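# Examination of the molecular architecture
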Amino acid sequence: MNIQWYPGHMTKAKRAMKEDMKLIDLVIELVDARTPLGSRNPDIDELAGGKARMVLLNKSDLADEKANEEWVRYFTDQGCHVVKVNCKTGNGLKQISPTVQEACREKIERDRRRGILNRPVRAMVVGIPNVGKSTFINAFAGRACAKTGNRPGVTKGNQWIRLNKTLELLDTPGILWPKFEDQKAGLNLAFIGSINDEILDKEELALELIRFLRGRYPGVIEKRYPGTETGEDSPFQILEQIAQARSCLLKGGASDSAKAASILLDDFRSGRLGRITLELPPAAAG
Ligand code: GDP
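Notes on the structure in this doc start here.

### Topic: the overall build of the protein
If you tally the helices and strands in the protein, you get 12 helices and eight strands. Counting across all 286 residues of the protein, residues that qualify as buried make up 48%. Sequence separation of 24 or more characterises 68% of the internal contacts of the protein that already satisfy a separation of 6 or more. Surface summary for the protein: the accessible area is close to 14500 Å², and the carbon and sulfur share equals 49%.

Structural data, given as structure tokens:
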């Protein structure tokens, strides 16, 4: 399956992010726990320069818990400060403030040596589209947040959300663009719905998902769509079985595989197939 991404106005976005970087101490990067590397954009390393960094493993409710733990270990081993969160329920958010303090310890100590006390850490949330940046900002800032208003030197009407005495967040997240070196990472992004479905063949995508599920999570299709029996069938035959199980029929009684493809992808994306992780950390993958 051939997935292409056309960068369009990326240069402008990159420039804007570079400007915002000048205002902050800490980059809070959101990734999707179902494909933590696939949903990252490695350009952030260059863009963030020497800023303190934190990774939030978001949508952890949709991902395999065992795999979540492996990813936490992986990022920790890489020297990242990582927190596993579910921005929809707020799970894990409490751990963020203490982790911010840890991630910015050097800056806080440097301030202290210079006699600057209690200057809040300023942070920016970044991530590719759909990883949950807005949901995170709303959940984390909650209703208690106070926008501190425009300040000199803050361009584009950016505002700071004061979360508490120690942390301020730029109210507009930095949007990174999906970047993938190989087709597998592209597929994973397409599975989670981070590549516009309009440029993809949904049926082909669903067939790829069936191949993956059958290999890594045997039984989930049978469980979700009673009456299906994936056995020796080809992915296309399985898609037809899903169509039958969901009564997606065309005139004349043939299976509506296009509709079944949409159902399968929706079910996967919303967690109705269960908690599924698409990629494991490099060391644990074998
Ligand atoms: P953004 O484009 O990065 O700002 O992403 P959004 O905040 O708009 O979130 C994209 C979608 O993911 C929305 O439908 C959110 O409700 C959903 N979402 C965000 N965080 C979570 C999470 O932790 N768990 C689940 N299940 N869904 C989430």
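Now that the structure is up, let's keep going.
### A look at helix α7 (residues 183-191)
Of all the nine residues making up α7, seven are buried; the element is thus mostly covered by neighbouring parts of the structure. Those residues of α7 lying buried are A185, G186, L187, N188, L189, A190 and F191. Turning to α7, the residues buried within the fold contact α8 (202-216) and α11 (257-269). For α7, the side-chain oxygen to backbone nitrogen distance between the N-cap and K184 is 3.0 Å, and the N-cap itself is D182. Just beyond α7, the residue with positive phi is G193, at close to 90 degrees.

### Thoughts on the site of the ligand
Around the ligand, a shell composed of 15 residues is seen, among which C87, N130, K133, S134 and T135 lie nearest. Contacts to the ligand include C87, whose backbone N or O atom sits 2.8 Å from an oxygen atom. Take V131: an N or O atom from its main chain is 3.3 Å from an oxygen atom of the ligand. Notes on the ligand: free accessible area 590 Å², of which the protein chains cover 75%.

### Re the nonpolar core
One finds L26, L56, I96, F136, L169 and L213 to be the most contacted residues of the largest nonpolar core, which totals 74 residues. A total of seven residues in this core trace back to one element, the largest contributor, which is α8. When residues of this core are assigned to domains, at least three fall in each of domain 1 (9-171) and domain 2 (201-285). The next biggest cluster of nonpolar side chains, apart from the first, holds 11 residues, and it includes V31, V55, L57 and V82.

### Digging into the side chain of N41
Mapping N41 onto the fold places it in the loop between β1 (26-32) and α2 (43-48). Under the relative-accessibility criterion, N41 is labelled buried at 0%. Polar contacts involving the side chain of N41 include one to the main-chain amide nitrogen of D43, which spans 2.7 Å. A distance of 2.7 Å separates a polar atom in the side chain of N41 from the backbone oxygen of W177. Excluding residues that lie within four positions of it along the chain, N41 makes contacts with I128, L176, W177 and K179.

About the cut-offs
- Residues numbered from 1 in each chain as written.
- Predicted model: local features only at pLDDT ≥ 70, side-chain atom pairs only at ≥ 80, totals over all residues.
- Heavy atoms only, no water.
- Helix = DSSP H or I, 4+ residues; strand = E, 2+ residues; numbered from the N terminus.
- Buried < 20%, exposed > 50% of the residue type's maximum accessible area, 1.4 Å probe, protein only.
- Contact = heavy atoms within 4.5 Å.
- Areas by Shrake-Rupley, 256 points an atom, 1.4 Å probe, with all protein chains shown as cover.
- Polar contact = N/O pair within 3.5 Å; in protein donor to acceptor, adjacent residues only side chain to side chain.
- Near = heavy atom within 4 Å.
- Core = buried A, V, L, I, M, F, W, Y, C linked by side-chain atoms within 4.5 Å.
- Domains from an automatic or database assignment.

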